[in-house]
Amino acid sequence: MQKRVKKASDVFRETIFVYKNKMSFKEEFPQISSIDMSVSESGRGVKDWEAIKKYNISNLPEEYIDCSNRLCYNGGFSIKEIIRKMVSEHLINYKSTELCQGYEGSPNGQIRYRDCINGFHVNVKITYNDE
Ligand SMILES: [Zn+2]
């Protein structure tokens, strides 16, 4: 059986323990009382019925949202970076288009064929505790 290509969250999980302790969402963002996020992906391997994903404080991804391109190594984008940016600027709404950070290559990523073409439309709403 062919090995599944590693995604951004796989690579993240393997490296995070080396440089920092994993913090829970509440520990990292005590000022957030609620968050709602929708992410729609376009590109390779995206199935219609799962093209739009909804997240809230109870089902947030750890750090990355992975891309659906089966051939893409380290694919996805950091949703936490967006949240960190929003919190630092105290933003309530944020919309952006994120490109997949990964590339199509060999299963372990040593050989790079081309950049992944997948992209994500991200829409985040945050409610802060002081409001
Ligand atoms: Zn990708």
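From a predicted model like this one, the values you see are computed outputs, not experimental measurements.

**Student:** Before we go on, may I ask you to explain the sheet that holds strand 4 (residues 72-73) in this structure?
**Tutor:** Paired through their backbone hydrogen bonds, the strands of a sheet run either parallel or antiparallel. Strand order in the open sheet formed by 3 strands is 4-7-8, with antiparallel pairing between adjacent strands. Across the chains shown, the open sheet's two edge strands, defined by having one partner strand only, are strand 4 and strand 8 (112-115). Pairing of strand 4 with strand 7 (residues 103-105) involves 2 bridges; the strand directions are antiparallel. Across the sheet, residue Cys 72 finds its bridge partner in strand 7, namely Glu 104.

**Student:** Can you help me understand the pattern of salt bridges in this one?
**Tutor:** For the structure shown, the criterion picks out 8 salt bridges. Taking the shortest distance from any N to any O, the salt bridge between Glu 28 and Lys 80 comes out at 3.5 Å. With a gap of 52 residues between them, Glu 28 in helix 2 (residues 25-28) and Lys 80 in helix 3 (residues 79-88) connect regions that are remote in the sequence. The burial state of Glu 28 is the same as that of Lys 80; both residues are buried.

Calculation rules
- Residues numbered from 1 in each chain as written.
- Predicted model: local features only at pLDDT ≥ 70, side-chain atom pairs only at ≥ 80, totals over all residues.
- Heavy atoms only, no water.
- Pairing = 2+ DSSP bridges.
- Helix = DSSP H or I, 4+ residues; strand = E, 2+ residues; numbered from the N terminus.
- Salt bridge = Lys/Arg side-chain N within 4 Å of Asp/Glu carboxyl O.
- Buried < 20%, exposed > 50% of the residue type's maximum accessible area, 1.4 Å probe, protein only.

It is worth stressing that arrangement in space is one thing and function is another; only the former is reported here.
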